[in-house]
Amino acid sequence: MKETSANVNQENEVRKFYLSEFSYDDGEYEITFNILDVNSVYGTITVAITRAGRISQDTFPLLRDKDGKLYFEYGLFYENIIKLDDFDEVN
């Protein structure tokens, strides 16, 4: 099966985010997200979430904004937009 350039580009886009980190202040706590998996087949992202000294894991649907950038929504009512471009590579 021959890979199309769209599949290769999508795989490269996913690969660049793996294990990246992003910190977010929700007004009460600083929350750190670490990307564990980006599944382009199902359109999901799995992140480790560190908040108030506790670590949890959750999977969210991946969305694209009008510019084609990937993001997911987080919060009690999914009111916070977390863009994958805001994540930094962890060394």
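The structure this text deals with has already been given above.
Quick look at the structure, then. Just so we're clear, the structure is a prediction, and the values are computed from it rather than from any experiment.

Comments concerning the overall build of the protein
Next up, step 1: The number of helices and strands found in the protein is 1 helix and 7 strands.
Next up, step 2: When the helices and strands of the protein are placed in sequence order, the string is α-β-β-β-β-β-β-β.
Next up, step 3: Taken over 91 residues, the protein has a buried fraction of 29%.
Next up, step 4: A sequence separation of at least 24 residues applies to 26% of the contacts in the protein between residues at least 6 apart.
Next up, step 5: Carbon and sulfur atoms make up 47% of the accessible area of the protein, which totals about 6,600 Å².

A few points about the nonpolar core
Next up, step 1: Within the largest apolar cluster, 17 residues are counted, with the highest numbers of intra-cluster contacts made by Phe33, Ile45, Val47, Phe72, Tyr74, Ile82 and Leu84.
Next up, step 2: For this core, the elements supplying multiple residues, two or more each, are β1 (21-25), β2 (30-39), β3 (44-51) and β6 (70-74).
Next up, step 3: Discounting chain neighbours no more than four positions away, the residues touching isoleucine 45 are Ile35, Asp37, Val38, Asp58, Thr59, Phe60, Leu62, Phe72 and Leu84.

Some remarks on the sheet that holds strand β5 (residues 63-64)
Next up, step 1: With antiparallel pairing, the 3 strands of this open sheet are ordered in space as β5-β6-β7. Two strands lie at the open edges of the sheet, namely β5 and β7 (80-83), each paired on one side alone.
Next up, step 2: As paired strands, β5 and β6 are joined by 2 bridges and run antiparallel to one another. When the bridges of β6 are listed, leucine 63 appears paired with tyrosine 71.

Digging into the pairing of β2
Next up, step 1: Two elements, β1 and β2, share 5 bridges in a ladder whose sense is antiparallel. Paired with glutamate 21 across the bridge in β2 is asparagine 34.
Next up, step 2: Counting the residues between successive antiparallel strands, the hairpin from β1 to β2 contains 4 residues, one of them, glycine 27, with a positive phi of roughly 95°.
Next up, step 3: Where β2 meets β3, 8 bridges bridge the pair, whose relative direction is antiparallel. Residue pairing for β3: aspartate 37 is matched across the bridge by threonine 46.
Next up, step 4: Once β2 ends, the chain turns through 4 residues before running back antiparallel as β3, passing glycine 43 with a positive phi of about 70°.

Each value, and the rule that gives it
- Residues numbered from 1 in each chain as written.
- Predicted model: local features only at pLDDT ≥ 70, side-chain atom pairs only at ≥ 80, totals over all residues.
- Heavy atoms only, no water.
- Helix = DSSP H or I, 4+ residues; strand = E, 2+ residues; numbered from the N terminus.
- Buried < 20%, exposed > 50% of the residue type's maximum accessible area, 1.4 Å probe, protein only.
- Contact = heavy atoms within 4.5 Å.
- Areas by Shrake-Rupley, 256 points an atom, 1.4 Å probe, with all protein chains shown as cover.
- Core = buried A, V, L, I, M, F, W, Y, C linked by side-chain atoms within 4.5 Å.
- Pairing = 2+ DSSP bridges.

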